[in-house]
Amino acid sequence: MDQARERLTLQTELRAALGTPGGLVVALQPIVDTAAGCLAAAEAPVRWPHPARGLLPPGAFLDLAEDAGLLPELGEQVLRLACRAAARWTGSAAQAQVSVNVAAAQFEAGDLGAQVSAALSEAGLSPRRLKLELSERSVLADIPAARAQLQRLRQMGVGVALDDFGTGYANLSVLTALPIDDLKIDRSFITDLLSSPAARTLVESVVALARRLEIGVIVEGVETGAQWRALQRLGCTRFQGYLFARPLLPTDFEAFLARPVPRSE
């Protein structure tokens, strides 16, 4: 009973945070292009600055939001926060994209295009600087409807990435069925890259197929120099992971932008 009461309290507090300026914030995790030596994009995961529990990561409250039916509202707010953040970047980062995760419930609600248009207009951000990350689960529920919605977004100039690719929901045919700009190879394959021939073969095959289909590849979860070097040999150039930077709050992100991005070896 205490656990149920605590969960209900957190849901109430989260609902209040959604209606409070500063109740939610976004961090920024760089996605680097080490061939060009520049920031390609930054993913904008949500954070909840809870007054008693501190800065909470998404894993601490997204299930609560889903159970309470708050994911569409939360997703819309994160979209607005991310666009505002990207509009403030200067220097070489002023051309980089901000990448925002879209929950299945938000995507399936059907009004994502209107949310995107409002967020871009409010922030004064070019559509070309926004990329939406969708899970395989989101797009597989209804492929014809997903295709239509993704086509509308791309017509606006917004990029689309398929997140956590290879986690088991989709087969490769989804790459030709949907208008996608980038694949993000799931971190689980990178963890075993150096020890598992199967993981290496999968990454190598996905990179080769994506190149043939003119789809970009972003590799998530890169944590060591050895992984980075192995992925470079497989033809990868864009990376995201702790080797380069953890998700950063705005001040720390500005400090990251002042440092040179490592170049491919």
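Rules used in this analysis
Residues numbered from 1 in each chain as written. Predicted model: local features only at pLDDT ≥ 70, side-chain atom pairs only at ≥ 80, totals over all residues. Heavy atoms only, no water. Core = buried A, V, L, I, M, F, W, Y, C linked by side-chain atoms within 4.5 Å. Buried < 20%, exposed > 50% of the residue type's maximum accessible area, 1.4 Å probe, protein only. Helix = DSSP H or I, 4+ residues; strand = E, 2+ residues; numbered from the N terminus. Contact = heavy atoms within 4.5 Å. Pairing = 2+ DSSP bridges. pLDDT = per-residue confidence, 0-100.

Engineer: Can you walk me through the nonpolar core in this structure?
Structural biologist: For soluble globular proteins, nonpolar side chains are generally found buried alongside one another. Core analysis: the largest hydrophobic core is formed by 79 residues, its most contacted members being Leu 130 and Leu 132. Considering each element in turn, this core owes the most residues, 8 residues, to helix H3 (residues 71–87). Ignoring sequence-local partners within four residues, the contact set of Leu 132 consists of Leu 79, Val 100, Val 102, Leu 112, Val 116, Leu 153, Val 158, Gly 159, Val 160 and Ala 161.

Engineer: Honestly, the sheet that holds strand E1 (residues 25–26) in this entry has me stumped. Any pointers?
Structural biologist: Each strand in a sheet pairs with another by means of backbone hydrogen bonds, the pair being arranged parallel or else antiparallel. An order of E1-E4-E5 is seen for the 3 strands of this open sheet, with the pairing classed as antiparallel. Whereas interior strands pair on both sides, the edge strands pair on one side only; in this sheet they are E1 and strand E5 (54–56). As paired strands, E1 and strand E4 (residues 46–50) are joined by 2 bridges and run antiparallel to one another. From the neighbouring strand, Val 26 faces E4, where its bridge partner is Val 46.

Engineer: Got a minute to help me understand the confidence of the model for the chain in this structure?
Structural biologist: Parts of the model with low pLDDT should not have their predicted coordinates read in detail. Scored by pLDDT, the chain comes out at a mean of 91, with 98% of its residues at no less than 70. Put simply, helix H6 (residues 136–140) is where the chain has its lowest mean pLDDT, 80, and strand E11 (residues 238–239) is where it has its highest, 98.

Engineer: Where do I start with the pairing of strand E7 (residues 130–135) in this structure?
Structural biologist: Consecutive residues of a regular strand have side chains that alternate between opposite faces of the sheet. The buried fraction of E7 is high, at 5 of 6 residues. Pairing of strand E6 (residues 97–102) with E7 involves 5 bridges; the strand directions are parallel. Residue pairing in the sheet places Asn 101 in a bridge with Glu 133 of E7.

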